[in-house]
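Here's the letter readout for the chains.
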Amino acid sequence: MANRQQLSILKQGALPWNEWRKKNPDVQPDLREASLAGANLRGANLSGTNLGGAELASADLQEVNLLGATVVEAISTKPTSVRPISASLILPLPT
């Protein structure tokens, strides 16, 4: 389950999230099973973040840094807008 404090910061937007990441470089964010459907994550630094099982349907992932992020079983029921700056996002096909 996602870390509530980290999820709250991310939901404030990429700028607060990226500032928090700069101040906490040794923290590996845990957003497992987070509900991020429709979220504007454009430009967020999600490198090293555990997004396993997260709901990402219709989330804006343009310019997101996903280097080293875990996206196993992340759920995207609709096409997601992706233009990562540091990694590729590979989501499993819905079964």
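For the structure itself, look to the data block above.
Residues numbered from 1 in each chain as written. Predicted model: local features only at pLDDT ≥ 70, side-chain atom pairs only at ≥ 80, totals over all residues. Heavy atoms only, no water.

Colleague: Teacher, can you tell me more about the overall build of the protein chain here?
Modeller: Helix and strand counts for the protein chain stand at 2 helices and 2 strands. Along its sequence from the N terminus, the protein chain presents helices and strands in the succession α-α-β-β. Out of the 95 residues belonging to the protein chain, those deemed buried represent 43%. Taking contacts inside the protein chain between residues at least 6 apart in sequence as the whole, the part at least 24 apart equals 21%. On the protein chain, roughly 5,600 Å² of surface is accessible, and the fraction owed to carbon and sulfur atoms is 51%. (Helix = DSSP H or I, 4+ residues; strand = E, 2+ residues; numbered from the N terminus. Buried < 20%, exposed > 50% of the residue type's maximum accessible area, 1.4 Å probe, protein only. Contact = heavy atoms within 4.5 Å. Areas by Shrake-Rupley, 256 points an atom, 1.4 Å probe, with all protein chains shown as cover.)

Colleague: Please explain the side chain of R21 as it appears in this structure.
Modeller: The residue R21 is located in helix 2 (residues 14-23) in this model. Of the side chains bearing the opposite charge, D26 lies closest to the buried R21, which forms no salt bridge; the N-O distance is 9.3 Å. A distance of 2.8 Å separates a polar atom in the side chain of R21 from the backbone oxygen of N45. Excluding anything up to four places from it in sequence, R21 contacts V27, P29, N45, L46, S47 and T49. (Lys, Arg positive; Asp, Glu negative; His and termini not counted. Salt bridge = Lys/Arg side-chain N within 4 Å of Asp/Glu carboxyl O. Polar contact = N/O pair within 3.5 Å; in protein donor to acceptor, adjacent residues only side chain to side chain.)

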